[in-house]
Amino acid sequence: MFRGRYEHTMDTKGRLSIPSGFRVEIQRRSENAPVLTNRGDHLELFPADVWERKEEELLQLSEFDTDAQDFQRYVVGDASDSPLDAQGRILVPALLRNEADLG
């Protein structure tokens, strides 16, 4: 669904512009806000419908596997609804900016 590389800048308030083609696809897929979460050294933005399926998969990991539980907490626990503003930007929460080492 999302292809290519784009240079992004984040303003001092932590807002990040989403390329117009991506915005159209995100809004076409769901009326709900996309979800932003951790993924190692970077962040991932999911359309709401894709995130719901991803979250279900993550929550089905073994409750007896401590590594799986840690991963669930890391990805699901830090996930944040990220509505697009009128200029097509999302707010990247401070926690996620710190996790991805974004200045």
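Residues numbered from 1 in each chain as written. Predicted model: local features only at pLDDT ≥ 70, side-chain atom pairs only at ≥ 80, totals over all residues. Heavy atoms only, no water.

**Concerning the packing of helix α2 (residues 48–59) against helix α3 (residues 66–75)**
Alright, step 1. The geometry of α2 relative to α3 is characterised by a closest axis approach of 10 Å and an angle of 155° between their N-to-C directions. Comparing their axes, α3 and α2 come out roughly antiparallel. Seen along the crossing, α2 lies across α3 with a hand that is left-handed. Between α2 and α3, the contacting residues are Trp 51, Leu 58 and Leu 59 on the first element and Phe 71, Gln 72 and Val 75 on the second.
Alright, step 2. The residue inventory of the contact of α2 with α3, partitioned by class, reads 5 nonpolar, 1 polar and no charged. (Axes fitted to C-alpha atoms, helices over the stretch in contact; angles between N-to-C directions. Helix = DSSP H or I, 4+ residues; strand = E, 2+ residues; numbered from the N terminus. Parallel < 35°, antiparallel > 145°, perpendicular 65-115°, else oblique. Left-handed = near helix turned anticlockwise from the far one by under 90°. Contact = heavy atoms within 4.5 Å. Nonpolar A, V, L, I, M, F, W, Y, C, P; charged D, E, K, R; others polar.)

**Notes on the packing of aromatic side chains**
Alright, step 1. Applying the stated criterion across every chain yields a total of 1 aromatic pair.
Alright, step 2. Ring geometry for Phe 46 and Trp 51: centres 5.5 Å apart, planes at 45°, overall tilted. Each member of the pair, Phe 46 as well as Trp 51, is classed as buried. (Phe/Tyr/Trp six-rings, centres within 6.5 Å; stacked < 30°, edge-to-face > 60°. Buried < 20%, exposed > 50% of the residue type's maximum accessible area, 1.4 Å probe, protein only.)

**Description of the pattern of salt bridges**
Alright, step 1. Under the counting rule described, the total for this entry stands at 8 salt bridges.
Alright, step 2. A salt bridge links Arg 28 to Glu 25; the shortest N-O distance between them is 2.6 Å. Taken together, the positions of Arg 28 and Glu 25, both in helix α1 (residues 20–29) and 3 residues apart, correspond to about one turn of that helix.
Alright, step 3. For Glu 25, a relative accessible area of 18% puts it in the buried group.
Alright, step 4. Connected through salt bridges with shared partners, the residues Asp 11, Arg 15, Asp 85 and Arg 89 form a single ionic network. (Salt bridge = Lys/Arg side-chain N within 4 Å of Asp/Glu carboxyl O.)

**As for the confidence of the model for the protein chain**
Alright, step 1. When pLDDT is averaged across the protein chain, the result is 88; 97% of the residues are at 70 or more.
Alright, step 2. Summarising per-element confidence for the protein chain, the mean pLDDT is lowest in α1 (86) and highest in strand β4 (residues 80–81) (96). (pLDDT = per-residue confidence, 0-100.)

**Regarding unusual backbone geometry**
Alright, step 1. A positive phi angle, near 55°, is found at Asp 101, a position not held by glycine.
Alright, step 2. Following the sequence through the fold, Asp 101 ends up in the segment after α4 (94–99).

**Regarding the sheet that holds strand β2 (residues 35–39)**
Alright, step 1. The strand order across the open sheet built from 3 strands is β3-β2-β4, with neighbouring strands paired in antiparallel fashion. Strand pairing shows two members of the sheet lacking a second neighbour, β3 (42–46) and β4, which therefore form its edges.
Alright, step 2. As paired elements, β2 and β3 share 5 bridges and run antiparallel to each other. For Arg 39, the partnering residue across the bridge sits in β3 and is His 42. (Pairing = 2+ DSSP bridges.)

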